[in-house]
Amino acid sequence: MTHASDLSEFDRDNAYHYGVMRRAIELIDSSADPLALDHIASEMGMSAAHFQRLFSRWVGVSPKRYQQYLMMDHARSLLTERFTTLGTAHELGLSGSGRLHDLFLRWEAMSPGDFARKGAGLKIAWGWFDSPFGPALVMGTDRGICGLAFSAEMGEDEAMADLRCRWPGAQFFENPDMLHDWVKIAFGAQDRPGETAPLYLIGAPFQIKVWEALLRIPSGYVTTYSEIAQIVGSPKAVRAVGTAVGRNPVSWLIPCHRALRKSGGLGGYHWGIPVKRALLAYESARADVLEC
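Participant: Which parts of the structure should I look at to understand the overall build of the protein chain?
Facilitator: Check the secondary structure of the protein chain and you find 14 helices and eight strands. Burial analysis of the protein chain (292 residues in total) assigns 54% to the buried set. Of the contacts made within the protein chain by residues no fewer than 6 positions apart, 70% connect residues no fewer than 24 positions apart. Approximately 13,000 Å² of the protein chain is accessible, and the part contributed by carbon and sulfur atoms is 50%.

Here is the structure:
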């Protein structure tokens, strides 16, 4: 399967750069020790100068600086420096341009009755797309994106089965063309001001409440599972909140990767801990650049 073919209307340079960034992040993340610029560039088939420019333009910082964000103690530093209480997250985010979701997302939730029918009557299109964080499986109805999974860790077959089993009564059909405009915005919103990608949240009422809380967390910031439990009115239901976070079907756009344990540990991540680390590092790097 060649995912790039599904992005025939993507800007070719951007699609190519996403692939390079994905491979670079995988290489950096798989190494126990910091990697020299020359080594990473060579593995990408580029000169050091060209790779440095490309990487810095996409992430906002140098490859060397980015590797520091991938260190295992990065989650703890985020809790110290970029923890946000969800009650003030909205105001905090709107004060700067790092508020990813206010910039390009709009969303609506399926009714509880429709959810109880397990997707019966829904027609869900799907397609595979390249992303900076590995192959992404995107699903959507005529109302918006309802699923986004990263398959780098779990594999494509498992990612497909995982999303399809959420709505067993739905009819699924392959149609990347229906989704590609939304995907363009989702992974390249900074270049498309004023345009929005719709989300259609399909979940149980409690799950929807948790996902709404996640949407309040500004890009580059984090919160804890217990903080989310407080904001949804169930302060003792931290375990249930964790389960709802893990059942988020729209990774990246509903930012479950921004929920951490109180201890500073990353906690779980449905699509793989290396992916979660890469998402947090990417957002932290961009937030630091915006604040400079």
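Participant: Is there a simple way to think about the nonpolar core in this case?
Facilitator: Burial of nonpolar side chains together is a common tendency in soluble globular proteins. The biggest cluster of nonpolar side chains holds 78 residues, and the ones touching the most others in it are Phe 51, Tyr 66, Met 139 and Phe 150. If we ignore the near neighbours within four places in the chain, the residues touching Met 139 are Ile 124, Ala 125, Trp 126, Ile 145, Cys 146, Gly 147, Met 160, Leu 163, Arg 164, Trp 167, Phe 172 and Leu 179.

Participant: Would you mind showing me how to read the packing of helix α11 (residues 205–214) against helix α13 (residues 238–246) here?
Facilitator: In helix packing, the relevant descriptors are the interaxial angle and the interaxial distance, both defined with respect to the helix axes. The interhelical angle for the contact between α11 and α13, taken along N-to-C directions, is 80 degrees, at an axis separation of 9 Å. As far as their axial angle goes, α13 and α11 are roughly perpendicular. Contacts between α11 and α13 involve Phe 206, Gln 207, Val 210, Trp 211 and Leu 214 on the former and, on the latter, Ala 240, Val 241, Ala 244 and Val 245. By residue class, the composition of the contact of α11 with α13 is eight nonpolar, one polar and no charged.

Participant: Please explain the confidence of the model for the protein chain as it appears in this structure.
Facilitator: Close inspection of predicted coordinates is inappropriate in any region flagged by low pLDDT. Here the protein chain shows a mean pLDDT of 77. Residues at 70 or above account for 74%. Ranking the elements of the protein chain by mean pLDDT puts helix α6 (residues 86–94) last with 44 and strand β5 (residues 171–174) first with 96. Here residues 88–103 is modelled with pLDDT under 50, and outside its nearest four sequence neighbours on either side it reaches 33 contacts, counting other chains as well.

Participant: Would you mind going over unusual backbone geometry with me for this structure?
Facilitator: The bulk of non-glycine residues show a negative phi, and the bulk of peptide bonds are trans. Even without being glycine, Lys 118 reaches a positive phi, approximately 60 degrees. Here Lys 118 shows up in the loop between α8 (112–116) and β2 (123–129). For Lys 118, a relative accessible area of 52% translates into the label exposed. Phi is positive for Trp 252, which is not a glycine, with a value near 75 degrees. We classify Trp 252 as buried; its relative accessible area is 5%.

Participant: Teacher, can you tell me more about the pairing of strand β4 (residues 144–150) here?
Facilitator: Both faces of the sheet carry side chains from a regular strand, because those side chains alternate between them. For β4, a buried count of seven out of seven residues is recorded, marking the element as mostly surrounded by other parts of the structure. The sheet contact formed by strand β3 (residues 136–141) and β4 spans six bridges and is antiparallel. Each residue of the ladder has a partner; that of Thr 141, found in β4, is Gly 144. Hairpin connection, β3 to β4: the antiparallel pair is bridged by two residues.

Participant: Just checking my understanding: could you explain the packing of aromatic side chains for this structure?
Facilitator: Two descriptors summarise a pair of aromatic rings, namely the distance from one centre to the other and the angle between the planes of the rings. The tally for this structure, following the rule as stated, stands at two aromatic pairs. A ring pair is formed by Phe 51 and Phe 55, whose centres lie 5.6 Å apart and whose planes are at 50 degrees; its orientation type is tilted. With Phe 51 and Phe 55 both in helix α3 (residues 48–59) and four residues apart, the pair spans about one turn of that helix. On the basis of relative accessibility, which here comes to 0%, the residue Phe 51 falls in the buried class. The exposure class assigned to Phe 55 is buried, which follows from its relative accessible area of 0%.

Participant: Quick question: what am I supposed to make of the environment of Leu 201 here?
Facilitator: With respect to the element layout, Leu 201 can be found in strand β6 (residues 197–201). Residue class for Leu 201 comes out buried when judged on its relative accessible area of 1%. Separated by 54 residues in the primary sequence, Leu 201 and Gly 147 place their C-alpha atoms 8.5 Å from one another. Beyond its immediate stretch of four places on either side in the chain, Leu 201 contacts Trp 107, Glu 108, Ala 109, Met 110, Ile 208, Trp 211 and Ile 254.

Conventions adopted
Every chain is numbered independently, its residues counted from 1 as its sequence is written. Reporting in this predicted model follows two pLDDT cut-offs: at least 70 for local features of residues, and 80 or more for side-chain atom pairs to be given and counted; totals over whole chains, interfaces and linings ignore these cut-offs and use all residues. To get the side-chain values, all heavy atoms of the structure are used, and hydrogens and water are removed first. Only DSSP runs of H or I covering at least 4 residues are called helices, and only runs of E covering at least 2 are called strands; the numbering of each starts at the N terminus. Burial here depends on accessible area, computed with a 1.4 Å probe over protein chains only, as a share of the maximum for the residue type. Under 20% is buried, over 50% is exposed, and the range in between is partly exposed. Only heavy atoms enter the contact rule, under which two residues are in contact if any of them lie within 4.5 Å. Using a 1.4 Å probe, accessible areas were evaluated by the Shrake-Rupley method; residue-level cover was limited to the displayed protein chains. Side-chain atoms within 4.5 Å link the members of a nonpolar core, which is a set of buried Ala, Val, Leu, Ile, Met, Phe, Trp, Tyr and Cys residues. Lines fitted to C-alpha atoms define the axes, with helix axes restricted to the stretch in contact, and inter-axis angles between N-to-C directions lie between 0 and 180 degrees. Throughout, the term roughly parallel applies to angles under 35 degrees, roughly antiparallel to angles over 145, roughly perpendicular to angles from 65 to 115, and oblique to all others. Only Asp, Glu, Lys and Arg are considered charged in this grouping, and only Ala, Val, Leu, Ile, Met, Phe, Trp, Tyr, Cys and Pro are considered nonpolar; every other residue, Gly among them, is considered polar. Every residue is assigned a pLDDT by the predictor, reflecting its confidence on a scale from 0 to 100. When DSSP finds two or more bridges between two strands, those strands count as paired. The rule is short: rings of Phe, Tyr and Trp, with Trp giving its six-membered ring, pair when the centres are within 6.5 Å, and they are stacked under 30 degrees, edge-to-face over 60, tilted in between.

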